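Fold and geometry: a report
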Amino acid sequence: GELPLGVRYTNKSKGMLKERSKPYSAQITNRRVGKKYVHLGYFSTPDEAHKCWQLGKCDLILTVAEYYDKSSIEYKVLLKAWDRIYDDYMNNRQTA
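About the cut-offs
Residues numbered from 1 in each chain as written. Predicted model: local features only at pLDDT ≥ 70, side-chain atom pairs only at ≥ 80, totals over all residues. Heavy atoms only, no water. Helix = DSSP H or I, 4+ residues; strand = E, 2+ residues; numbered from the N terminus. Expected span 1.5 Å × (residues − 1). Buried < 20%, exposed > 50% of the residue type's maximum accessible area, 1.4 Å probe, protein only. pLDDT = per-residue confidence, 0-100. Core = buried A, V, L, I, M, F, W, Y, C linked by side-chain atoms within 4.5 Å. Contact = heavy atoms within 4.5 Å.

Here's the deal with helix H1 (residues 46-65)
Given a rise of 1.5 Å per residue, 20 residues ought to cover 28 Å, and the 28 Å separating the end C-alpha atoms of H1 matches this to within 8%. Regarding H1, the residues found buried are Ala49, His50, Trp53, Gln54, Gly56, Cys58, Leu60, Ile61, Val64 and Ala65.

Below, the structure written as structure tokens:
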């Protein structure tokens, strides 16, 4: 099946002898700090990884929103995205 947003499955990396006990990883895209991806950790299930992604994405959205004037459309769009993702997190829903 398809994995939730921000989740990758990596059972074994090159050079590893054993499979990972926590094969699901969470990552967010953060071009503001010059990195394409920021690794958030490894998890046993896709749901655990996605919950971490949701919190990481919410944190990133608030950080980016600080660059904009509170009356700007960009700021409002970012806060709307934060609200949707955080609501999904609090209600145990996947963010699509």
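From this point, the narrative continues.
Some points on the confidence of the model for the protein chain
On average, residues of the protein chain carry a pLDDT of 90, and 88% of them reach 70 or more. Here strand E3 (residues 35-43) stands out as the element of the protein chain with the lowest mean pLDDT, 88, in contrast to helix H2 (residues 73-90), whose mean of 97 is the highest.

Focus: the nonpolar core
If you look at the biggest cluster of nonpolar residues, it comprises 15 residues, and the most contacted ones within it are Ala26, Ala49 and Leu78. Elements with a contribution of two residues or more to this core: strand E2 (24-30), H1 and H2. Considering every element that reaches this core, the biggest residue donor is H1, with 7 residues. Residues contacting Leu78, with those up to four places away along its chain left out, are Ile61, Val64, Ala65 and Tyr68.

Some points on unusual backbone geometry
Most peptide bonds take the trans configuration, and most residues that are not glycine carry a negative phi. Positive phi values are uncommon outside glycine, yet Asn92 reaches one of about 55°. Position of Asn92 relative to the elements: it lies in the segment after H2. Taking the relative accessible area as the measure of exposure, Asn92 reaches 63% and is therefore exposed.

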